[in-house]
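Descriptive analysis of the structure
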Amino acid sequence: MPRLLSRLPLVFAVLAACCAGPARAAELTVSAAASLTNALREIAPLFEAEHPGTRLQLNFGASGALLQQIAKGAPADVLASADQETMDRAQQQGLVAAARRRNFASNALVVVVPAGAAVVPRVLGDLAQPAYARIAIGLPASVPVGRYTKAALEAAGLWTAIEPRMVGAHNVRQALDYVARAEVEAGFVYATDAALMPGTVKLAFTVPTTQPLRYPAAPLNGAPNPAGAQRFVDFLLAPKAQAVLARHGFGRP
Amino acid sequence: MEAAWVALSLTLKVAGLATALNLVLGVAVGHAMAHRRFPGRDLLDALLTLPMVMPPTVLGYYLLVLIGSRGPLGAWLLEHFGVRLIFTWQAAVIAAAVVSFPLVFKAARAAFETVEPQLEDAARTLGIGEWALFCRVSLPLAWRGILAGLLLSFARAMGEFGATLMVAGSIAGKTQTLSIAVYEAVQAGQDDTANFLVAVTSIVCIAVLLGAGRLLPGRVAARA
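The structure contained in this document is the topic of the report that follows. Bear in mind the structure is a predicted one, so any value in this text is a computation, not a measurement.

What counts and how
Residues numbered from 1 in each chain as written. Chains lettered and ligands numbered in written order. Predicted model: local features only at pLDDT ≥ 70, side-chain atom pairs only at ≥ 80, totals over all residues. Helix = DSSP H or I, 4+ residues; strand = E, 2+ residues; numbered from the N terminus. Expected span 1.5 Å × (residues − 1). Buried ≥ 20, exposed ≤ 12 C-beta atoms within 10 Å, placed from the backbone. Contact = placed C-beta atoms within 7 Å. Axes fitted to C-alpha atoms, helices over the stretch in contact; angles between N-to-C directions. Parallel < 35°, antiparallel > 145°, perpendicular 65-115°, else oblique. Left-handed = near helix turned anticlockwise from the far one by under 90°. Nonpolar A, V, L, I, M, F, W, Y, C, P; charged D, E, K, R; others polar. Pairing = 2+ DSSP bridges.

Turning to helix 2 (residues 37-50) of chain A, a few remarks are in order. Residues and elements named next belong to chain A. In this model helix 2 runs 20 Å from its N-terminal to its C-terminal C-alpha over 14 residues, within 8% of the 20 Å that 1.5 Å per residue would give. Every buried residue belonging to helix 2 is among Ala39, Leu40, Ile43 and Phe47, and all of these are buried. The inward-facing, buried residues of helix 2 abut strand 1 (26-33), strand 2 (54-61), helix 9 (226-237) and helix 10 (239-247).

Printed below as a string of structure tokens:
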């Protein structure tokens, strides 16, 4: 035991040396909507290659939840949300500057069903039938896809009929998972998510929406790395990132 | 606030039923483990205690795989009874019962082990049957420890989040328990609702813990 104790200072010195390492890379934290998971994971190395010395940390979740984290002081640099309302709320709370927000992508709202489903809806009205006992819908209070869904159903006069069958999802990927496991008869997700699990999920139809689904991004006012944040938002609009987004099924902003 | 009362009554119902289930199972298993010796008893004890130390999301995943529509038990239930457990309050009860079972089981086993064997043997010499022995001798002597375990189990069941979310989901009025309601209120920035729900939950939990503290065997010894 004494020999071990006497070696401890050496161990700590080695550990400290490893942790200090070469000159520390600047970190950039991006809080992004869950639906951007796959696309941003591809864009991150492209950004890091173009800006050596910056390391991207990606934080995914429902846009509403991300906003709450930032409002309560989370040290994020960029917010990329799935709807304008989240960014509007961020602006109202003084977390982003109106002049610096940019739309960088767009998406579509679709209804998906489990791959082996016997009954497939063709229009929104079909979902009011008793066969659809459980429908996965994002929680409108915090999940953009849920807000889009509620708006579309209200516009069609179907919200009161369908709300009792709603199984609340905390983000769009959870809604997708419920459909993939066949625990619900149908779910509302983005067009970009519908293609992710071809073996277990199939597209039923695209939902007509009153407004286009545009994704905004903005550097945050309290960003630890403001220069990096602006560079990342600019990068999202550049051809390389736009090509990746297009490949994942996103539309032009 | 209306939704808060709905979540509270649902949580009390789920936690109450889970605790009642654990009362029967925990006491039965605790009694058996206290009185029987067999090879592998310690391993069985460890397995039965596992839900208490496992991360709730891991437990939730196991349950989801087991009772989901495609799982072995879930598919069987669906085929023979047309019953789907996922996204029902019954699934919430199952999740809560599984995570809080060890609290009752361990407390019951410990309580039965403190019952002096001479008392039970003396009762047997007087001609009492095994079931009557359990009801009239063992249980009355062990009830304080069991009740303490039940109260802790109730508090744990009330606070269950991870496993419940995975198998029961979030359906207002049916499966949205207090913990899930707090989580969603915070995510939506509804701090007033969150504060109210948290206050209610905290008061109930403190009351339960105070009650359990008065009943633990240590207190009994101090008074004796």
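Before going further, it helps to examine the packing of helix 1 (residues 2-35) of chain B against helix 10 (residues 191-215) of chain B. To characterise two packed helices, one gives the angle between the axes of the helices and the distance between these axes. Residue and element names in this part refer to chain B. At a minimum axis distance of 10 Å, the contact between helix 1 and helix 10 shows a crossing angle of 30°. What the angle tells us is that helix 1 and helix 10 run roughly parallel. At the point where helix 1 passes helix 10, the crossing takes the right-handed sense. Here Ala4, Ala7 and Leu8 of helix 1 come into contact with helix 10, specifically with Thr193, Phe196, Leu197 and Val200. Looking at the contact of helix 1 with helix 10 residue by residue, the class counts come to six nonpolar, one polar and no charged.

Before going further, it helps to spend a moment on the sheet that holds strand 2 of chain A. Residue and element names in this part refer to chain A. Overall, mixed pairing links the five strands, which are arranged 2-1-3-10-4 in an open sheet. Each edge of the open sheet is held by one strand with a lone partner, namely strand 2 and strand 4 (102-107). Within this sheet the neighbouring strands show an average axis-to-axis angle of 20°, counted without direction. For strand 1 and strand 3 (residues 78-80), the ladder comprises three bridges, and the chain directions are parallel. Note that in strand 3 the partner of Ser31 across the bridge is Leu79. Packing of helix 2 onto the sheet brings it into contact with strand 1 and strand 2, and relative to strand 2 it is tilted by some 170°.

Before going further, it helps to examine the pairing of strand 1 of chain A. Residues and elements named next belong to chain A. Of all eight residues that make up strand 1, six are buried, and the element is covered over most of its length. Where strand 1 lies against strand 2, eight bridges are found, and the strand directions are parallel. Note on strand 2: the bridge partner recorded for Glu27 is Arg55.

All right, on to the interface of chain B and chain A then. With 14 residues of chain B in contact, the opposing surface of chain A contributes 15 residues. Classifying every residue of the side of chain B that touches chain A by side-chain character gives five nonpolar, seven polar and two charged.

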